[in-house]
Amino acid sequence: MKLSRFALFAALATAGCGTAAPPADAALDRTDATAPRDVIVLDASMGCSVLAACVGRCTDATCVQACRAVASPAAVAALQAQVDCVFGRASATPPVTGACPTAGGGVCDPARAGFSAARCEACIAAAQRVGGACDAAVTACQRTR
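I will try to describe carefully the structure that is included in this document. (Residues numbered from 1 in each chain as written. Predicted model: local features only at pLDDT ≥ 70, side-chain atom pairs only at ≥ 80, totals over all residues. Heavy atoms only, no water.)

**Digging into the environment of Glu121**
And then number 1: Along the chain, Glu121 falls in helix α5 (residues 117–128).
And then number 2: When its relative accessible area of 31% is taken as the criterion, Glu121 is described as partly exposed.
And then number 3: For the pair Glu121 and Cys100, spaced 21 residues apart in sequence, the C-alpha separation works out to 9.1 Å. (Helix = DSSP H or I, 4+ residues; strand = E, 2+ residues; numbered from the N terminus. Buried < 20%, exposed > 50% of the residue type's maximum accessible area, 1.4 Å probe, protein only.)

**With respect to the packing of helix α4 (residues 73–87) against helix α6 (residues 135–143)**
And then number 1: Put simply, α4 and α6 touch, their axes get as near as 9 Å, and they point 165 degrees apart. By the angle between their directions, the pair α4 and α6 is classed as roughly antiparallel. In the crossing of α4 with α6, the sense of the turn from one axis to the other is left-handed. Every residue of α6 that contacts α4 at Ala78, Ala81, Gln82 and Cys85 is listed here: Ala137, Val138 and Cys141.
And then number 2: Across the contact of α4 with α6, the residue classes break down as six nonpolar, one polar and no charged. (Axes fitted to C-alpha atoms, helices over the stretch in contact; angles between N-to-C directions. Parallel < 35°, antiparallel > 145°, perpendicular 65-115°, else oblique. Left-handed = near helix turned anticlockwise from the far one by under 90°. Contact = heavy atoms within 4.5 Å. Nonpolar A, V, L, I, M, F, W, Y, C, P; charged D, E, K, R; others polar.)

**Points about the pattern of salt bridges**
And then number 1: Summed over all chains, the structure comprises one salt bridge.
And then number 2: Where Asp84 meets Arg89, a salt bridge forms, and the shortest distance between an N and an O atom there is 3.0 Å. (Salt bridge = Lys/Arg side-chain N within 4 Å of Asp/Glu carboxyl O.)

**Some remarks on the state of the cysteines**
And then number 1: Evaluated as defined, the whole model comprises six disulfides.
And then number 2: Sequence-ordered numbering of the bonded cysteines in the protein gives a disulfide pattern of 1-12, 2-5, 3-4, 6-11, 7-10, 8-9. (Disulfide = S-S within 2.5 Å.)

**Describing the nonpolar core**
And then number 1: Judged by nonpolar contacts, the single largest core of 24 residues is most densely connected at Leu51, Cys67, Cys100 and Ile124.
And then number 2: Residue assignment for this core shows that the elements contributing at least two residues are α2 (48–57), α3 (61–69), α4 and α5.
And then number 3: With seven residues, α4 is the largest single contributor of residues to this core.
And then number 4: Beyond its immediate stretch of four places on either side in the chain, Cys100 contacts Val86, Phe87, Val107, Cys108, Cys123, Ile124 and Ala127. (Core = buried A, V, L, I, M, F, W, Y, C linked by side-chain atoms within 4.5 Å.)

**Quick notes on unusual backbone geometry**
And then number 1: In this structure, the amide linkage connecting Thr93 to the following residue, Pro94, adopts the cis form with an omega of -5 degrees.
And then number 2: Residue placement: Pro94 occurs in the loop between α4 and α5.

**Brief notes about α4**
And then number 1: Between its first and last C-alpha, α4 extends 21 Å over 15 residues, near the 21 Å set by a 1.5 Å rise per residue.
And then number 2: Among the residues of α4, those classed as buried are Ala75, Val76, Ala78, Leu79, Gln80, Gln82, Val83, Asp84, Val86 and Phe87. (Expected span 1.5 Å × (residues − 1).)

**Structural notes on the packing of α2 against α3**
And then number 1: Where α2 meets α3, the closest approach of the two axes is 8 Å, and the angle between their N-to-C directions is 165 degrees. In terms of axis orientation, α2 runs roughly antiparallel to α3. When you trace α2 past α3, the crossing you get is right-handed. Judged by residue contacts, Leu51, Cys54 and Val55 of α2 engage Val64, Cys67 and Arg68 from α3.

That's the geometry; what it means functionally is another story.
Next up, the structure:
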């Protein structure tokens with residue numbers, strides 16, 4: 001995961017979890033002629049993994065919101081849980097620290113003295129691999145439709 005995607009996942013993590021009616025069936029790679037070029041149209045029944053892929057292809061927060069708008073509430077919640085596990089969320093009750101915190105001097109806190117994007121990316125990869133701190137959240141995302 002590139003650091004730019006980190007910023008998009010952080011935007012997803014801090015956004016409210018809305019709901020949307022499922023759209024008609026659509027393939028992940030099909031773009032909607034009326035949507036901005038970088039918005040990916042997806043079938044909400046595809047679940048969290050497709051939502052994560054959609055968000056991963058985005059280049060801005062508008063695209064992330066478009067992905068979320070057509071995803072099922074369960075998919076959004078599962079991806080939120082995965083993002084929270086990796087990056088943490090101070091606003092959660094109770095607060096979630098995360099494996100690779102983005103604040104308070106954590107490994108992915110860009111304000112931290114000695115911040116290294118490479119170390120942040122390594123932490124993200126380690127947290128999400130099999131047996132990593134967020135393995136259960138990744139598996140739950142993969143199984144959520």
